[in-house]
Amino acid sequence: MKKSVFLGALTIAGIAAGGSYAGTLDDVKARGKLNCGVTTGLVGFAAPDANGEWEGFDVGVCRAVAAAVLGDATAVEFVPTTGKTRFTALASGEIDMLARNTTWTFSRDVDLKFEFVGVNYYDGQGFMVPSNLGVTSAKDLDGATVCIQTGTTTELNLADFFRANSISYEPVPIETNAEAQQQYLAGACDVYTTDASGLAATRATFEAPGDHVLLPEIISKEPLGPLVRHGDNEWGDVVRWTLNALITAEELGVTSANIAEMAAGSNNPEINRLLGTEGSLGEMLGLSADWGKNALEAGGNYAELFERNIGENTPIALSRGLNAQWTDGGLLYSPPFR
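Residues numbered from 1 in each chain as written. Predicted model: local features only at pLDDT ≥ 70, side-chain atom pairs only at ≥ 80, totals over all residues. Heavy atoms only, no water.

**Student:** Is there a simple way to think about the overall build of the protein in this case?
**Tutor:** Counting secondary structure elements, the protein contains 14 helices and 14 strands. Computed over C-alpha atoms, the radius of gyration of the protein comes to 20 Å, within 12% of the 20 Å expected from 2.2 N^0.38 for 338 residues, which places it in the range of a compact globule. If one aligns the C-alpha atoms of the protein with their principal axes, the spans along those axes are about 60 × 45 × 40 Å. Put simply, of all contacts in the protein between residues at least 6 apart along the chain, 73% involve residues at least 24 apart. Total accessible area computed for the protein in this model is approximately 13,800 Å², and 50% of it derives from carbon and sulfur atoms. Separation of charge centres in the protein, based on 22 positive and 42 negative side chains, amounts to 4 Å. (Helix = DSSP H or I, 4+ residues; strand = E, 2+ residues; numbered from the N terminus. Rg over C-alpha atoms; globule rule 2.2 N^0.38 Å. Contact = heavy atoms within 4.5 Å. Areas by Shrake-Rupley, 256 points an atom, 1.4 Å probe, with all protein chains shown as cover. Lys, Arg positive; Asp, Glu negative; His and termini not counted. Charge placed at Lys NZ, Arg CZ, Asp CG, Glu CD.)

Set out below in structure tokens:
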């Protein structure tokens, strides 16, 4: 989601440069808990339920990492962050990883000194409008008021799009998705723009979702994924290969329903390596042999996380699209476990 507008770039870079975080894996083990940065609340991706328990697609990634490292998917402290606070929280060490609809960009990787460990959702910036506005294309939004989150470069994408199409708009700045929803429904803005997945998740919470439409234009590339600090390669490997385990398990047909059977022994050597019954991948990561099995038992493979939280049978109703496995025409692809 939302590429940073270099807000606080120097401060964040200074924090990262001022301390060494080469022992995050040891810190998490000693603490007995993973501190995972998430959004302040986006249904389907990360939001507390009626009992205050966090759930969602990004939450599932956090729980998988906790299970891989600690053997306990519940050993997670979820730290809500906004577009403005998320990078400072990660750079300062307040959180161990960020799993918050955050787009992998050059400046975040290089200038802000973060390391994206992969992509868990391929997205793009879109537009939502009330259907009674009678608009069928973003190119018809000349003079519209647009709700847009601050601390992001969604603003820059928006400015570029309107400039390229010789149309004008009036920005309505907001800080969180909850504020955007409130302002949009109150009529303070004609349009809400953010990642298309975020718009679908937001619309699903409305009393009358059918009264709002997502326009066809997707105006940017938004590869969303978890990130860690630069300079701690051991920890980056743990988070990266946990995500890869979820993706590979789907490709190999390992699910929460059959994992016990698969872990008892398989004719597929890669499944055996993934589940720790063959080879020494866990030892290489500084984890137990069954780290991959633990990660998958936390919430299932990638497909299970997707379908349960944001898939076509949920109110958010997202299709796999680009997020299908590479074998099904999508972009989802993991390096081999060997």
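**Student:** Quick question: what am I supposed to make of the nonpolar core here?
**Tutor:** The nonpolar side chains of a soluble globular protein tend to be buried with one another. Formed by 57 residues in total, the largest nonpolar core has its most connected members in M97, W235 and L275. With nine residues, helix α3 (residues 57–70) is the largest single contributor of residues to this core. Core analysis: the next-biggest nonpolar cluster, separate from the first, contains 14 residues, F127, V135, V146 and L215 among them. (Core = buried A, V, L, I, M, F, W, Y, C linked by side-chain atoms within 4.5 Å. Buried < 20%, exposed > 50% of the residue type's maximum accessible area, 1.4 Å probe, protein only.)

**Student:** When you look at helix α6 (residues 154–164) in this model, what are you seeing that I'm missing?
**Tutor:** Residues separated by three or four positions in an α-helix point in the same direction, a consequence of the helix having 3.6 residues per turn. Residues of α6 that are buried: T154, N157, L158, F161 and F162. Buried residues of α6, viewed axially, fall in a sector of 125 degrees; they line one side. The exposed set on the far side of α6, more than 90 degrees from its buried face, consists of D160, R163 and A164. Those residues of α6 hidden inside the fold are in contact with β8 (125–130), β9 (144–149), β10 (169–174), β11 (191–195) and β13 (222–224). Following α6 by one or two positions, S166 has its phi on the positive side, about 55 degrees. (Arc of directions from axis to C-beta.)

**Student:** Just to check I follow, could you spell out the pattern of salt bridges for this structure?
**Tutor:** Once their charged atoms are close, side chains differing in charge can pair, the charge on each being opposite to the other. Under the defined criterion, the tally for this structure stands at seven salt bridges. Between E175 and K84 there is a salt bridge, with its nearest N and O atoms 3.9 Å apart. Of this pair, E175 sits in the loop between β10 and α7 (177–185) while K84 sits in the loop between β4 (76–81) and α4 (86–92); the two residues are 91 residues apart in sequence, bridging distant segments of the chain. Look at K84 and you get partly exposed, because its relative accessible area is 38%. Each of the salt bridges in this network shares a partner with another, and the network as a whole consists of E115, D237 and R240. (Salt bridge = Lys/Arg side-chain N within 4 Å of Asp/Glu carboxyl O.)

**Student:** What's the story with the sheet that holds β9 in this structure? I'm lost.
**Tutor:** Adjacent strands of a sheet pair through backbone hydrogen bonds, lying either parallel or antiparallel. In spatial order, the strands read β10-β9-β11-β8-β12; together these five strands make up an open sheet with mixed pairing. Sheet topology places β10 and β12 (212–214) at the edges, where each strand pairs with a single neighbour. Neighbour to neighbour, the strand axes of the sheet diverge by 30 degrees on average, direction disregarded. Note that β9 and β11 share two bridges and pair parallel. Residue pairing in the sheet places C147 in a bridge with Y192 of β11. (Pairing = 2+ DSSP bridges. Axes fitted to C-alpha atoms, helices over the stretch in contact; angles between N-to-C directions.)

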